[in-house]
Amino acid sequence: MQKPTATQIDTESRQGYIGRFAPSPTGPLHFGSLLAALASFLDARANQGKWLMRVEDLDPPREPAGSAELILQQLQDLGMDWDDEVLYQSSRLDAYEEVMDQLQEKGLCYPCDCTRPQIREMGLVYNGSCRERGAPPETPYALRLKTDALEIGFDDEIQGHFAQQLESEVGDFVIRRKDELFAYQLAVVVDDEFQNITHVVRGWDLLDSTPRQIYLQRALNYQEMSYAHIPIIVDEKGQKLSKQSFAPSIETDRASQAIYKALTFLGQAPPTEIEKESPKSQLQWAIGSWESQWVAKVGNLPL
Ligand code: GLU
């Protein structure tokens, strides 16, 4: 039997496909982040969908000045034009606060001042030891969301079925950090709902964040969406390409080469004739022949 295509998964209230690219501006676009940008762009455009841009600038100490602008400029130079206005998470703090209050009213979160060494001792799965504490501590504390024993599973468009039992495999997770910054897991769920996202295409390193996000969507009565996790690119040491691993920035004057290489990594087998074409015409070809099923069903792809 054929797998349902992305467009068949539309929910009643959400017409059509709305995808997004949601970079954290920790440095310029590199080959790893280009892959996620390109896969989400092609999947949206091949399904006549919208492609939205969200800058996940929630962690200022990790964000060198100018990175967001640079990423947006690089995407434009690569011919990937997004729809609507860019959403900056730094402009959404009131919305996150409101949602956190709702979760608190439902009795779903609690303060926790456990330290990293303590959590390491627990085997990295938080054991809920602060669940029953009374008043919040005097010292800085995080807010954790209570999880439960239900299994949360979903059918990933590329990786197949994936499920987790959050309480035993992840533990109650942080939604606001000790330094008072909102956690990625909370912000991503609030904003995917706010932007009416129907399809998430992103790196495989976030596959195991997805059950937490579905759990939050259910707790908040949000719409659920379809997910596709693409492989991530790793260097010769097996480390994800990232700013921390000194991945080189994508150079605008080599845009065509970068796109051609990214299409190859995404399993799309681009014909050699388009190798030297402009990024726009390469993308035109790629939209016309995009097949998410050709993307490798593995976690890591060596560069
Ligand atoms: N901001 C995240 C990152 O750059 C991606 C978040 C997402 O796609 O859900 O890794």
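This text follows the structure it describes.
For clarity, every value in this text was computed on a predicted model and none was experimentally measured.

Enquirer: How should I be thinking about a negative patch on the surface in this particular structure?
Expert: Together, D94, E97, E98, D101, E105 and E180 make up a negatively charged patch on the protein surface. Take E180: its relative accessible area is 57%, and that puts it in the exposed class.

Enquirer: Any chance you could explain the pairing of strand β9 (residues 199-203) here in plain terms?
Expert: Remark: a regular strand shows side chains that alternate across the two faces of the sheet. Across the five residues that make up β9, a large majority, five, are buried. Taken together, the five bridges between β9 and strand β10 (residues 226-230) define a ladder with parallel strand orientation. From the neighbouring strand, H199 faces β10, where its bridge partner is S226. At this point the chain moves from β9, through helix α7 (residues 210-219), to the parallel β10, and the crossover so formed is right-handed.

Enquirer: Whenever I open this one, the pairing of strand β3 (residues 83-88) confuses me. Can you help?
Expert: Here three bridges tie strand β2 (residues 50-55) to β3, and the two strands are oriented parallel to one another. Note that in β3 the partner of L52 across the bridge is D83. Viewed along the sheet, the connection from β2 through helix α2 (residues 67-77) into β3 turns out right-handed.

Enquirer: Looking at this model, I keep getting lost on the sheet that holds strand β5 (residues 142-145). Mind explaining?
Expert: Strands belonging to one sheet form pairs held by backbone hydrogen bonds; the direction of such a pair is parallel or antiparallel. Reading across the sheet, the three strands line up as β4-β5-β8 and stay open at both edges, with antiparallel pairing between neighbours. Bordering the open sheet on either side are β4 (109-112) and β8 (173-176), each of which pairs with just one other strand. Each strand of the sheet is rotated relative to its neighbour by a mean of 45°, with strand direction disregarded. Of the pairings in the sheet, the one linking β4 to β5 comprises four bridges and is antiparallel in character. Note that in β5 the partner of P111 across the bridge is L143.

Enquirer: I'm lost on the site of the ligand in this one. Help?
Expert: Around the ligand, the neighbouring residues are R20, A22, P23, S24, E56, Y184, V188, R202 and L206. At 2.6 Å, a side-chain N or O of R20 approaches an oxygen atom of the ligand. Y184 places a side-chain nitrogen or oxygen 2.7 Å from an oxygen atom of the ligand. Considered on its own, the ligand offers 300 Å² of accessible surface; in the complex 79% of this is hidden by protein. Classifying every residue of the shell around the ligand gives five nonpolar, one polar and three charged.

Enquirer: Help me understand the side chain of R144, please; the structure alone is not making it clear to me.
Expert: As for its position among the elements, R144 is in strand β5. Looking at R144, its side chain comes within polar contact range of the main-chain oxygen of D172, at 2.8 Å. The contact partners of R144, leaving out residues within four places of it in the chain, are L108, C109, Y110, C112, I119, Y126, D172, F173 and V174.

Enquirer: Before we go on, may I ask you to explain the nonpolar core in this structure?
Expert: For soluble globular proteins, nonpolar side chains are generally found buried alongside one another. Of all hydrophobic cores here, the largest spans 43 residues; its most connected members are F31, L34, L75, M80 and I230. Counting residues per element, the ones that place at least two in this core are α1 (31-46), β2, α2, β10, α8 (255-265) and α9 (279-289). Top contributing element to this core by residue count: α1, with ten residues. V99, L143, I197 and M225 belong to the second-largest nonpolar core, a separate cluster that totals 34 residues.

Enquirer: Is there a simple way to explain the environment of W51 in this structure?
Expert: Secondary-structure assignment places W51 in strand β2. When the C-alpha atoms of W51 and Y96 are compared, they prove to be 23 Å apart, with 45 residues separating the residues in sequence. What W51 contacts, discounting residues up to four positions off in sequence, is G19, R20, F21, A37, S40, F41, A44, R45, M80, D81, W82 and D83.

Enquirer: I'm lost on the environment of E105 in this one. Help?
Expert: You can see E105 is positioned in helix α3 (residues 93-105). By relative accessible area, E105 is classed as exposed at 70%. The spacing of E105 and L34 is 71 residues in sequence and 40 Å in space, taken between C-alpha atoms.

Enquirer: Honestly, the side chain of H30 in this entry has me stumped. Any pointers?
Expert: Position of H30 relative to the elements: it lies in the loop between β1 (18-21) and α1. We classify H30 as buried; its relative accessible area is 11%. Side-chain polar atoms of H30 contact the backbone nitrogen of G32, separated by 3.1 Å. Once residues lying within four places of it in the same chain are set aside, the contact partners of H30 are L241, S242, K243, A247, P248 and I250.

So, how was this worked out
Residues numbered from 1 in each chain as written. Predicted model: local features only at pLDDT ≥ 70, side-chain atom pairs only at ≥ 80, totals over all residues. Heavy atoms only, no water. Patch = residues over 30% accessible without salt bridge, like charges linked within 9 Å, V, L, I, M, F, W, Y side chains within 5 Å. Areas by Shrake-Rupley, 256 points an atom, 1.4 Å probe, with all protein chains shown as cover. Salt bridge = Lys/Arg side-chain N within 4 Å of Asp/Glu carboxyl O. Lys, Arg positive; Asp, Glu negative; His and termini not counted. Charge placed at Lys NZ, Arg CZ, Asp CG, Glu CD. Buried < 20%, exposed > 50% of the residue type's maximum accessible area, 1.4 Å probe, protein only. Helix = DSSP H or I, 4+ residues; strand = E, 2+ residues; numbered from the N terminus. Pairing = 2+ DSSP bridges. Right-handed = clockwise from strand over helix to strand, strands pointing away. Axes fitted to C-alpha atoms, helices over the stretch in contact; angles between N-to-C directions. Near = heavy atom within 4 Å. Polar contact = N/O pair within 3.5 Å; in protein donor to acceptor, adjacent residues only side chain to side chain. Nonpolar A, V, L, I, M, F, W, Y, C, P; charged D, E, K, R; others polar. Contact = heavy atoms within 4.5 Å. Core = buried A, V, L, I, M, F, W, Y, C linked by side-chain atoms within 4.5 Å.

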